[in-house]
Amino acid sequence: MKRTLLYILVWLAIPLGASAQSLGDWLPSALAGNPTAQYNASKCYAYGWGTEANAQRAAHFLRLAAEQSLPRAITELADHYSPTAPLLAQYWADEGSESRANYYESYENGCYYGEVHNYLRDGYGTYAWDSGTIYSGEWFEGERYGIGFTLYEGLAHYGNYSDGPEGHGATIVCDSLTHLAGAPGSRVYVGNFANGTPQGQGTLYGADGTLLYNGPFDKGLPTATYPTTANYTPYRWTYEALPGGDSYEGESHNGIREGFGIYRWADGSVWFGYWEGGLREGEGLYINANGAMMAGIWSEGELMQ
């Protein structure tokens, strides 16, 4: 609660210097490496003071200031990442821990926190691009490879990766004003991917959870009649608020969890993967509230591998 209050106060209490001046007053010193100037340049880009607002550049300069241990930049960056990138949030919240130098890498277009091998991203980790895209999950030899999820441009994609989305997975539209390509009213796609787009058999659900389409896709677009004319009323995309603050969001058949689904615990931990007969079945990825990850194979609700 104290951290949340501090975060709100920090954002409201914009430095008088930044609000009274414009980007041109801070940019030369920011580019020269001054952390206070970098923080103020971030605010100028965030609010359009003396320049056009640019969220990507705002994130870039805020990260540069945090990397130089400017306390207010560290606090804001930790809270900024908290909802979407728990590994990076934990990294900044634990400023000064011995693991920082071993597991954090900064790049010109973003930053990575996680496991490395032979100087490459390898294992579990989170990469946050300054553009706002975030990936959390498995890596192999520097590339996204295995189970993970990506948040980008109002979309959330969960599934398997071979650098880009491949195999079976799901895409959820986070912006209520948009829909998936070629399918007005659609909010969720569950099915096969190739080259990062829906390909082969897949299912679309609408904002109210009804099944809109079940059939073939080619290059991201449904190729049969849309919306489908078949009766799929037993199949839905559901949301369940559970006792104790837990929740389930995902596919169901006759009210039983079946297909792809996301289980969220009240403490912030999350599991996403596949279900059968109301139990976890097949591949899944668990992310603890503190950022720790574990991918595995489940059978009848139990972790097998």
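Throughout what follows, the structure given in this document is the object of discussion. (Residues numbered from 1 in each chain as written. Predicted model: local features only at pLDDT ≥ 70, side-chain atom pairs only at ≥ 80, totals over all residues. Heavy atoms only, no water.)

### Considerations on the sheet that holds strand E7 (residues 164-173)
Selection rule: Pairing between strands requires that DSSP locate at least two bridges from one strand to the other. Strands are runs of DSSP state E lasting at least 2 residues, helices are runs of H or I lasting at least 4, and numbering of each runs from the N terminus. Contacts are residue-level and defined by heavy atoms, with any inter-residue pair within 4.5 Å sufficient. Only the stretch in contact is used when fitting a helix axis, every axis being a line fitted to C-alpha atoms; angles between N-to-C directions are given from 0 to 180 degrees.
A sheet is described by the order of its strands in space; here 11 strands give the open sequence E1-E2-E3-E4-E5-E6-E7-E8-E9-E10-E11, paired in antiparallel fashion. Looking along the sheet, the strands with just one partner apiece sit at the ends: strand E1 (104-107) and strand E11 (221-222). Two strands pair when backbone bridges link them, and strand E4 (residues 134-140) and strand E5 (residues 143-152) are joined in this way by 6 bridges, in the antiparallel orientation. Bridging from a neighbouring strand, Tyr-135 pairs with Thr-150 of E5. Its contacts with the sheet place helix H5 (residues 55-67) against E1 and strand E2 (110-117), and it is angled at close to 135° to E1. Helix-sheet contacts for helix H7 (residues 86-93) involve E1, E2 and strand E3 (120-129), and the interaxial angle to E2 is about 95°.

### Comments concerning the sheet that holds strand E17 (residues 293-299)
Strand order in the open sheet formed by 7 strands is E12-E13-E14-E15-E16-E17-E18, with antiparallel pairing between adjacent strands. For this open sheet the edge positions go to strand E12 (235-241) and strand E18 (302-303), each flanked by a neighbour on one side alone. Here 2 bridges tie E17 to E18, and the two strands are oriented antiparallel to one another. When the bridges of E18 are listed, Trp-298 appears paired with Leu-303.

### Some thoughts on the pairing of strand E9 (residues 197-206)
Relative to E9, strand E8 (residues 186-194) runs antiparallel, the two being bridged by 7 bridges. Bridging across to E9, Val-188 finds its partner in Tyr-205. The turn joining E8 and E9, which pair antiparallel and follow one another in sequence, is formed by 2 residues; a positive phi near 55° is taken by Asn-195. With 6 bridges joining them, E9 and strand E10 (residues 211-218) adopt antiparallel strand pairing. Residue Gly-202 lies in a different strand from E10, and its bridge partner there is Gly-215. The turn linking E9 back onto E10 is made up of 4 residues, and Gly-209 within it adopts a positive phi angle of 95°.

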